[in-house]
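These are the residues of each chain, in order.
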Amino acid sequence: MDPFRRTRTGKYYSPSVTWFHSFKPSLINELRFSYDWRSFTNLNSGAYSNLNQQIGLNGVRQDFGPRITVTGYQTMGEGSNMERIQSPIKGHQITENLLWLKGNHSVKFGFERRGSTNDDLNRNTAGGVFGFNNLATGHGVAALLLGWVLNASVNEVLPIRSEIINYGGYIQDDWKITQRLTLNLGLRWDMDTPRRELFDNRMNSFDLFAINPVSGTPGSITFAGRNGVSKWAHDFDPNNFAPRLGFALRLKEKWAVRGGAAMLYMGLYD
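Here is what the cut-offs are and how they apply
Residues numbered from 1 in each chain as written. Predicted model: local features only at pLDDT ≥ 70, side-chain atom pairs only at ≥ 80, totals over all residues. Heavy atoms only, no water. Helix = DSSP H or I, 4+ residues; strand = E, 2+ residues; numbered from the N terminus. Rg over C-alpha atoms; globule rule 2.2 N^0.38 Å. Buried < 20%, exposed > 50% of the residue type's maximum accessible area, 1.4 Å probe, protein only. Contact = heavy atoms within 4.5 Å. Areas by Shrake-Rupley, 256 points an atom, 1.4 Å probe, with all protein chains shown as cover. Lys, Arg positive; Asp, Glu negative; His and termini not counted. Charge placed at Lys NZ, Arg CZ, Asp CG, Glu CD. Salt bridge = Lys/Arg side-chain N within 4 Å of Asp/Glu carboxyl O. Pairing = 2+ DSSP bridges. Axes fitted to C-alpha atoms, helices over the stretch in contact; angles between N-to-C directions.

Trainee: Help me out: how do you make sense of the overall build of the protein chain in this one?
Mentor: Check the secondary structure of the protein chain and you find 2 helices and 15 strands. The C-alpha radius of gyration of the protein chain comes to 29 Å, more than 25% above the 18 Å expected for a compact globule of 270 residues. Principal-axis analysis of the C-alpha atoms gives the protein chain an extent of 90 × 50 × 35 Å. Put simply, the protein chain has 270 residues, and 30% of those count as buried. Within the protein chain, contacts between residues separated by at least 24 positions form 63% of all contacts whose residues are at least 6 apart in sequence. Counting only carbon and sulfur atoms, one obtains 58% of the accessible surface of the protein chain, whose full area is about 17100 Å². Mean positive and mean negative side-chain charge positions of the protein chain (30 and 23 charges, respectively) differ by 7 Å.

Below, the structure written as structure tokens:
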């Protein structure tokens, strides 16, 4: 197996549609929907080689090949990312904007909802990783032939499907006070729902204060959605209100001064 050979494939689709509607000259609506679909596959040379089955290596995936390290020799096989499949990665976004013109005010309202799911299968070292040295037999190859392994490991996890949803809303008023001075007044609200896992609540964490039922001491692993634990990765944070203020002042025919300030809340998962 070539440790430098791997196959990576990716696909991406992203259609979108926008609808504009003028209720009247001073009231214009925009509704937009976007959708994206992605997939990514990473395979190394040992994936689906059936090498483990051919050599009778048990306890690991039979359709994969192992990574073998022998002291003094070139390593055979890749040690990580034997197979990683992220498919599908789906996202959608619904955006609603409404523009209202009233006197010297240009007011815009808006709301958006963004959601995404990610299916992820990671057979990181599913074919097995084995190390041999010369301590037991005096020669690494002899240890390999005798099966005297120094260390061995396998890493394969269950598939997961994670989901997050983002909400946002805003109001913006461009107020033309005079022919020379315009104020921009706005307020935005954002909230990211906590991540959750849709297949079987496979997220886990560690509670420093929960009593471990085995040892009777503080510190225990917890699983989302089980034994009274929330299905969400963390608490909701719904109070992200961000004001903003700007201005534009025309000093002369070819001179203008602009300025502004705003609070920003960066998304947890952006």
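Past the structure itself, the notes keep going.
Trainee: Just checking my understanding: could you explain the pattern of salt bridges for this structure?
Mentor: Pairing of side chains with opposite charge becomes possible as their charged atoms draw close. This structure, assessed with the given rule, holds 13 salt bridges. Measuring nitrogen to oxygen at the nearest pair gives 3.3 Å for the salt bridge that ties R61 to E156. Of this pair, R61 sits in the loop between α1 (51–55) and β4 (67–70) while E156 sits in the loop between β8 (151–155) and β9 (160–176), and the two are 95 residues apart along the sequence. The partly exposed category is assigned to R61, whose relative accessible area is 22%.

Trainee: Help me out: how do you make sense of the sheet that holds β8 in this one?
Mentor: Taken together, the 3 strands give an open sheet; going across it, the order is β4-β7-β8, and neighbouring strands pair in mixed fashion. Each edge of the open sheet carries a strand with a single partner, namely β4 and β8. Strand-to-strand twist across the sheet, computed as the mean angle between neighbouring axes with direction ignored, equals 10 degrees. Pairing of strand β7 (residues 125–132) with β8, which is carried by 4 bridges, proceeds in the antiparallel orientation. Within β8, the residue paired with V129 across the bridge is S153.

Just distances and angles here, no functional claims.
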